[in-house]
Amino acid sequence: MDAGPVVRRSVGAQELAERVTATLVSALSSIQDDGRIPSLVLTGGSIARLIHTSVATSPDRDLADWSRVDFWFGDERFVAADSRDRNAGQTQADLFDHVPVDPARVHPMPAFGEEYGADVDAAARGYLDELRGELPLDHDGPVFDILMLGIGPDGHCASLFPGHPALDASDFVVGVRSSPKPPPTRISMSMALLNRAREVWWVASGAEKAQAVADALTGDDVHQVPASGPKGLDRTIWYLDDAAASRLPVDP
Ligand code: 6PG
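Residues numbered from 1 in each chain as written. Predicted model: local features only at pLDDT ≥ 70, side-chain atom pairs only at ≥ 80, totals over all residues. Heavy atoms only, no water.

**Student:** I keep staring at the overall build of the chain and nothing clicks. Help me out?
**Tutor:** Within the chain, the secondary structure is distributed over six helices and nine strands. Against the 2.2 N^0.38 benchmark of 18 Å for 252 residues, the chain shows a C-alpha radius of gyration of 17 Å, consistent with a compact globule. Based on the C-alpha atoms only, the size of the chain along its principal axes is roughly 55 × 40 × 35 Å. Evaluated residue by residue, the chain yields a buried proportion of 54% over its 252 residues. Contacts in the chain between residues at least 24 apart in sequence constitute 77% of all its contacts with a sequence separation of at least 6. When the accessible surface of the chain is totalled, it reaches about 10800 Å², and 50% of it is carbon and sulfur. (Helix = DSSP H or I, 4+ residues; strand = E, 2+ residues; numbered from the N terminus. Rg over C-alpha atoms; globule rule 2.2 N^0.38 Å. Buried < 20%, exposed > 50% of the residue type's maximum accessible area, 1.4 Å probe, protein only. Contact = heavy atoms within 4.5 Å. Areas by Shrake-Rupley, 256 points an atom, 1.4 Å probe, with all protein chains shown as cover.)

Shown next, in the form of structure tokens:
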């Protein structure tokens, strides 16, 4: 069981991104050395984009075999596949176009207007079916190796927002309407599924996240601070720059 969160501070966003990159490449190659194919859940947002670019340009990136990694998404904006708002599209441009992933192992969430049309709930069920086809969701224990999450100034994570009914979803993947962060309609892994990873890696940069980070590390009411919910079954790491860590108690 998780021994409690580990906080890894960096001076700024670029150093944070490079630190996550080094740990990610090492973790993926270590899992592969054990003969397994790592399952990695990516997040959207600006610090995630910086991390993806850091991985793509890292001189050590090929220490991991990118063709033997299963990529999933913790959430997605329910917009057209070619929309600039798509987390999957941004990740394709920032990372997947630059490392030799196996397209069959890249699992984007459904886009608006494709096989599920405009039905976000059907799209969420469709992604859950895809997850079930690949991973042991219906057994106890970890499903993912590493699950990365950003955090909003309001304490949201993935597309789970304070006070939103999606926080109480019983399914593992949920359609989200009226998101306070545009675009308004999204698909998200639920709190239950965000808690099925060996390791949860939080990534946050900027003073505007500082209070949310402090609340997430000290709080326990996911309805007020969704980011207080997800924890790794083995380890939870908070990658913060100094600004995002500025409301944390100073180490004695
Ligand atoms: C999304 C993200 C969202 C994001 C946070 C942080 O689809 O919008 O998954 O949860 O990670 O809002 O975003 P920033 O890093 O851009 O602040």
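**Student:** What am I meant to see in the packing of aromatic side chains here?
**Tutor:** Remark: the centre distance and the inter-plane angle together describe each pair of aromatic rings, the angle taken between the planes. A complete count under the given rule lists seven aromatic pairs for this structure. With 5.7 Å between their ring centres and 75° between their planes, W72 and Y127 make a pair best called edge-to-face. Residue W72 is found in strand β3 (residues 70–73), and its partner Y127 is found in helix α4 (residues 120–134); the two are separated by 55 residues along the sequence. Here the two residues W72 and Y127 agree in accessibility, since each one is buried. Ring pairing ties together the aromatic residues W66, F71, F73 and F96, which thus form one cluster. (Phe/Tyr/Trp six-rings, centres within 6.5 Å; stacked < 30°, edge-to-face > 60°.)

**Student:** Can you help me understand a negative patch on the surface in this one?
**Tutor:** Negative charge collects at one region of the surface, where E114, E115, E130 and E134 lie side by side. For E114, the location among the structural elements is in the loop between α3 (87–96) and α4. (Patch = residues over 30% accessible without salt bridge, like charges linked within 9 Å, V, L, I, M, F, W, Y side chains within 5 Å. Salt bridge = Lys/Arg side-chain N within 4 Å of Asp/Glu carboxyl O. Lys, Arg positive; Asp, Glu negative; His and termini not counted. Charge placed at Lys NZ, Arg CZ, Asp CG, Glu CD.)

**Student:** Where do I start with the site of the ligand in this structure?
**Tutor:** Neighbouring the ligand are 15 residues, the closest being S46, D75, H156, A158 and K209. S46 places a polar main-chain atom, nitrogen or oxygen, 2.7 Å from an oxygen atom of the ligand. One of the side-chain N or O atoms of K181 is found 2.8 Å from an oxygen atom in the ligand. Compared with its free state, where it exposes 430 Å², the ligand has 92% of that area covered by protein. Elements supplying a minimum of two residues to the shell around the ligand: α2 (46–57) and β4 (75–77). Taken together, the residues of the shell around the ligand break down into three nonpolar, seven polar and five charged. (Near = heavy atom within 4 Å. Polar contact = N/O pair within 3.5 Å; in protein donor to acceptor, adjacent residues only side chain to side chain. Nonpolar A, V, L, I, M, F, W, Y, C, P; charged D, E, K, R; others polar.)

**Student:** Would you mind going over the sheet that holds strand β2 (residues 39–42) with me for this structure?
**Tutor:** Paired through their backbone hydrogen bonds, the strands of a sheet run either parallel or antiparallel. Read across the sheet, six strands follow the order β1-β9-β8-β5-β2-β3 without closing on themselves; strand pairing throughout is parallel. Both outer strands of the open sheet, β1 (6–10) and β3, are each paired with one neighbouring strand and no more. On average, each strand axis in the sheet is tilted by 20° relative to the strand beside it, whichever way the strands run. Two elements, strand β5 (residues 144–149) and strand β8 (residues 197–204), share five bridges in a ladder whose sense is parallel. Counted as the bridge partner of L147 is V200 from β8. (Pairing = 2+ DSSP bridges. Axes fitted to C-alpha atoms, helices over the stretch in contact; angles between N-to-C directions.)

**Student:** Please explain the environment of D82 as it appears in this structure.
**Tutor:** Its location among the elements puts D82 in the loop between β4 and α3. A relative accessible area of 72% means that D82 is categorised as exposed.

**Student:** Before we go on, may I ask you to explain unusual backbone geometry in this structure?
**Tutor:** Among all residues save glycine, negative phi is the norm, and among peptide bonds the norm is trans. The omega torsion across P182 and P183 is -5°, close enough to zero to call that bond cis. Its place among the elements puts P183 in the loop between β6 (173–176) and β7 (186–189). Although it is not a glycine, A158 sits at a positive phi angle of roughly 45°. Mapped onto the elements of the fold, A158 is located in the loop between β5 and β6.

**Student:** Can you walk me through the packing of α2 against α3 in this structure?
**Tutor:** When two helices pack together, their arrangement is given by the angle between their axes and by how far apart the axes lie. One way to put it is that α2 packs onto α3 with a least axis distance of 8 Å and a crossing angle of 30°. Relative to α3, the element α2 is oriented roughly parallel. Side by side, α2 and α3 meet where R49, H52, T53, V55 and A56 of the first sit next to Q90, T91, D94 and L95 of the second. (Parallel < 35°, antiparallel > 145°, perpendicular 65-115°, else oblique.)

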